[in-house]
Amino acid sequence: MPLPPFVVQALTDHRQSFEAGAEGLIFVARTGEPLKRGTFRARIWKPSLQRAGLPFGLRFHDLRHSYATWLVSDGVPINDVAKVMGHEQTSTTLDRYTHSTRDRDRRVLASFAAFSLPQEER
């Protein structure tokens, strides 16, 4: 997955501040072992949701859905989105990972803004 420069910088800073764990992992438990799902959820995910003002029912995996929807909504070609997502079929990306956005109706109407029918002759 392509990472924007600010994420690369944040990861670089983290690696310089914390020792890598088992197998070179950069986010690990205090013991250096991989984070367990429950620990990640309790100590990182839920506090992050609270700070962002998001519902606690959101799952970490939902980020993949948001990412795919965002890319498609921003005009990235579906074959490129599928490739970044690791999907062999674009139908997987479209059917399972992309969702309607809140501004769907506005975007659809905007696509027809310049369209007009010929005036009727009277």
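Residues numbered from 1 in each chain as written. Predicted model: local features only at pLDDT ≥ 70, side-chain atom pairs only at ≥ 80, totals over all residues. Heavy atoms only, no water.

**Details of the pattern of salt bridges**
To keep things clear, this is the line we draw: Each reported salt bridge corresponds to a side-chain nitrogen of Lys or Arg within 4 Å of a carboxyl oxygen of Asp or Glu.
With the rule as written, the count across this model stands at one salt bridge. The partner of Asp62 in a salt bridge is Arg59, and the shortest N-O contact between them spans 2.7 Å.

**Quick notes on the layout of surface pockets**
We count it as follows: Any residue with an atom within 4 Å of a point lines the site, the site being either a cavity, points on a 1 Å grid over the protein atoms alone where a 1.4 Å probe fits but cannot get out, or a pocket, an open set with protein on both sides within 12 Å along at least 5 of 7 lines. Grid points are joined across faces, edges and corners, and a volume is the space filled by probe spheres set on the points. In DSSP terms, a helix is any run of H or I states spanning at least four residues, a strand is any run of E spanning at least two, and both are numbered starting from the N terminus. Think of it as three bins: nonpolar holds Ala, Val, Leu, Ile, Met, Phe, Trp, Tyr, Cys and Pro, charged holds Asp, Glu, Lys and Arg, and polar takes everything else, Gly as well.
In this structure, the largest pocket encloses a volume near 560 Å³. What lines the largest pocket is a set of 15 residues, and nearest its centre among them are Met1, Leu3, Val7, Phe60 and Leu63. Secondary structure elements with two or more residues in the lining of the largest pocket: α1 (5-17), α2 (37-52) and α3 (62-73). The dominant element in the lining of the largest pocket, judged by the number of residues it contributes, is α3, at four residues. Across the lining of the largest pocket, the residue classes tally to 14 nonpolar, no polar and one charged. Within this model, the second largest pocket holds a volume of roughly 270 Å³. Taken together, 15 residues line the second largest pocket, and the ones lying closest to its centre are Phe27, Val28, Ala29, Arg30 and Leu35. In terms of residues, the lining of the second largest pocket owes the most to one element, α2, which gives four residues. For the lining of the second largest pocket, the per-class residue count stands at eight nonpolar, four polar and three charged.

**Details of the side chain of Thr93**
Put simply, the rule is: Pairs of N or O atoms within 3.5 Å make up the polar contacts considered here, provided that, within protein, one atom can donate a hydrogen while the other can accept it, and that residues adjacent in sequence are counted only when both atoms are side-chain atoms.
Within the secondary structure, Thr93 is located in helix α5 (residues 90-97). A polar side-chain atom of Thr93 sits 2.7 Å from a polar atom in the side chain of His87.

**Digging into the packing of aromatic side chains**
Note the threshold: Two aromatic rings, drawn from Phe, Tyr or Trp (for Trp, its six-membered ring), form a pair once their centres lie within 6.5 Å of each other, and the interplanar angle then sorts them: stacked below 30 degrees, edge-to-face above 60, tilted otherwise. Partly exposed describes any residue whose relative accessible area lies between the buried limit of under 20% and the exposed limit of over 50%, with all areas from a 1.4 Å probe on protein chains only and scaled to the type maximum.
In the structure shown here, the tally under the stated rule is three aromatic pairs. On the basis of an interplanar angle of 85° and a centroid distance of 5.2 Å, the ring pair of Phe40 and Phe60 is categorised as edge-to-face. Here Phe40 is found in helix α2, whereas its partner Phe60 is found in the loop between α2 and α3, with 20 residues between them in sequence. Note on Phe60: relative accessible area 48%, which makes it partly exposed. Between Tyr67 and Trp70 the ring centres are 6.3 Å apart and the planes differ by 45°, which places this aromatic pair in the tilted class. On the criterion of helical spacing, the pair formed by Tyr67 and Trp70 is a turn pair, its members being three residues apart in helix α3.

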